[in-house]
Amino acid sequence: MTMKKAMFQEKAQVVSNTAVAQNYYRMSLLSPMVAAEARPGQFIEVQVSQSGEPLLRRPFGVHAVNQRKQTVDILYEVRGKGTQALSEKKPGDFCDILGPLGNGFSIQNARCSILVAGGMGVAPLAYLAEKLARDKFSEQKAKNLVLIGCKTKRHIMCKKELEKFGYAVKISTDDGSLGFKGYVTDLLEKVLRVTRYKLPVTIYACGPKPMLKEVSRIAREKNISAQLSLEEHMACGIGACLGCVVKTTNGYKRVCKDGPVFEAGSLVW
C-alpha cells in the first residue's frame, strides 16, 4: 500500500490526557504538522519521558485527528514504565513525537465495510471509521459495521464514538459479560452468514496476531478483500532496526516501514 509520505518531528503540547476505561487513556496532542498529514492506519512514535528512561520511543496508532484544532489523539493502555510515564503527563506538558509513520489503510469502493477490532485494535480503526463515514463512496454502501472484541465489558472502548459516525456496533466478550460470548472472529463469521452482508465487502482489522490470522483465513475462504493492521514491537519506527519484520509472499517486510497495514493475502502466517 502506498500513500503520500511526509514525516515530522515536533515538540507536541499535551492538550488532554484522560482515563477512558480501566488502565486505558486517551491523549490529545497539539501537533499542526502531523495533524495535517496523518492518514488512517498510520502511527506516531512518542518519547514518553524527557529523562531518557525508558530510552526507546513508543509507537501509537493515530486514533483521531482534528485539523481545525491541529490535534492528534492516541489511545493507549498502561502496561509498563513507558505508558505509566505517559499517563502522568498533564495538560501543558510536552512530548517529542515523530510522525506520521508507516503505510495506512487504502479506502476501497465497497458497498459494505466491516471493521474488526481486537482489544486496543480499536484505536486506529476509529480514525478509519470517521474517514469511511465521510468517504465519497458512502452513499453507495448498504451498511457499515464495527465488531469490537475484548476480554470483558470493562475493556470496551469507543462504542458511542463509532455509533456517532453512523455505524452499527456489535460487541463480543470472552466471558460473555456484554454482547456475543466468544471471540470477535466467531462474531465475524456469524455476521457474514447474514444475507444482507453477502455484498461486495471489505474487511479492515487490527488486533492481536492470532485474531488477525483468523480474519485472514475467513477472508480467504469467503473471497473477501481484507486489510490488516499488524501490532508488532516497533523500536525505531522508520525501518532501520529491522526488529519488526514479518514474512510475506514477497519476502520479509518491515511492519513499521512497509506496513503496519498489509493486504491479508500477502501475509505468510
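The rules behind these values
Residues numbered from 1 in each chain as written. Predicted model: local features only at pLDDT ≥ 70, side-chain atom pairs only at ≥ 80, totals over all residues. Heavy atoms only, no water. Salt bridge = Lys/Arg side-chain N within 4 Å of Asp/Glu carboxyl O. Helix = DSSP H or I, 4+ residues; strand = E, 2+ residues; numbered from the N terminus. Buried < 20%, exposed > 50% of the residue type's maximum accessible area, 1.4 Å probe, protein only. pLDDT = per-residue confidence, 0-100. Contact = heavy atoms within 4.5 Å. Patch = residues over 30% accessible without salt bridge, like charges linked within 9 Å, V, L, I, M, F, W, Y side chains within 5 Å. Areas by Shrake-Rupley, 256 points an atom, 1.4 Å probe, with all protein chains shown as cover. Pairing = 2+ DSSP bridges. Axes fitted to C-alpha atoms, helices over the stretch in contact; angles between N-to-C directions. Phe/Tyr/Trp six-rings, centres within 6.5 Å; stacked < 30°, edge-to-face > 60°.

Enquirer: Please clarify how the pattern of salt bridges should be interpreted in this entry.
Expert: Once the charged atoms of two side chains with opposite charge are near each other, the side chains can pair. Per the stated rule, a full pass over the model turns up nine salt bridges. Note that Asp96 and Arg57 form a salt bridge whose closest N and O atoms lie 2.7 Å from each other. One end of the pair, Asp96, is in strand E7 (residues 94–101); the other, Arg57, is in the loop between strand E3 (43–47) and strand E4 (58–61), and 39 residues separate them in sequence. One exposure class covers both Asp96 and Arg57, and it is buried. With its nearest N and O atoms 3.2 Å apart, the salt bridge here joins Arg217 to Glu189. Of this pair, Arg217 sits in helix H6 (residues 209–221) while Glu189 is found in helix H5 (residues 184–192), placing the two residues 28 residues apart along the sequence.

Enquirer: What is the right way to read the confidence of the model for the chain from this model?
Expert: Residue-level pLDDT values for the chain average 89, and 91% of them are 70 or greater. Residue range residues 137–142 is modelled with pLDDT below 50. Its contacts to residues more than four positions away, or to other chains, number 15 contacts.

Enquirer: Explanation requested: a nonpolar patch on the surface in the structure shown.
Expert: Together, Leu242, Val245 and Tyr252 make up an exposed nonpolar region whose accessible area comes to about 330 Å². In this structure, Tyr252 sits in strand E15 (residues 251–254). Classification of Tyr252 by relative accessible area gives exposed; the value is 60%.

Enquirer: Would you mind going over unusual backbone geometry with me for this structure?
Expert: As a rule of thumb, non-glycine residues mostly have phi less than zero, and peptide bonds are mostly trans rather than cis. Geometrically, the link from Gly99 to Pro100 is a cis peptide bond, its omega value of -5 degrees lying close to zero. Note that Pro100 resides in strand E7. The omega torsion of the bond from Gly259 to Pro260 falls at 10 degrees, within 30 degrees of zero and hence cis. Its location among the elements puts Pro260 in the loop between helix H7 (255–258) and strand E16 (261–263).

Enquirer: Whenever I open this one, the sheet that holds E3 confuses me. Can you help?
Expert: Backbone-to-backbone hydrogen bonds pair the strands of a sheet. The strands run either parallel or antiparallel. Strands sit in the order E4-E3-E7-E1-E2-E6-E5 across an open sheet of seven strands; the sheet is antiparallel. Where the open sheet ends on each side, the last strands, each with one partner, are E4 and strand E5 (64–66). Each neighbouring strand pair of the sheet contributes to a mean axis angle of 35 degrees, computed without reference to strand direction. Summarising the sheet, E5 and strand E6 (residues 71–77) pair through three bridges and their orientation is antiparallel. Residue pairing across strands places Ala64 opposite Asp73, the latter belonging to E6.

Enquirer: How should the environment of Glu45 be read in this particular structure?
Expert: Within the element layout of this structure, Glu45 appears in strand E3. The buried category is assigned to Glu45, whose relative accessible area is 0%. Taking C-alpha positions, Glu45 is 8.3 Å from Pro100, a pair spaced 55 residues apart along the chain. When near neighbours in sequence (up to four residues on either side) are disregarded, Glu45 contacts Arg57, Arg58, Pro59, Asp96, Ile97, Leu98, Leu101, Met234, Ala235, Cys236 and Gly237.

Enquirer: Can you walk me through the packing of aromatic side chains in this structure?
Expert: One pass over the full model with this rule turns up three aromatic pairs. Taking 5.9 Å as the distance between ring centres and 65 degrees as the angle between the ring planes, the aromatic pair formed by Phe60 and Tyr76 counts as edge-to-face. Note that Phe60 is positioned in strand E4 and Tyr76 in strand E6, a separation of 16 residues in sequence. You can call Phe60 buried: its relative accessible area is 8%. Consider the rings of Phe105 and Tyr204, whose centres lie 5.7 Å apart with planes at 80 degrees: the pair is edge-to-face. A residue pair is termed long-range when its members are at least 10 positions apart, and Phe105 in the loop between E7 and strand E8 (112–118) and Tyr204 in strand E12 (residues 201–206) qualify at 99 residues. Classification of Tyr204 by relative accessible area gives buried; the value is 0%. Ring pairs connect the aromatic residues Tyr25, Phe60 and Tyr76, which therefore count as one cluster.

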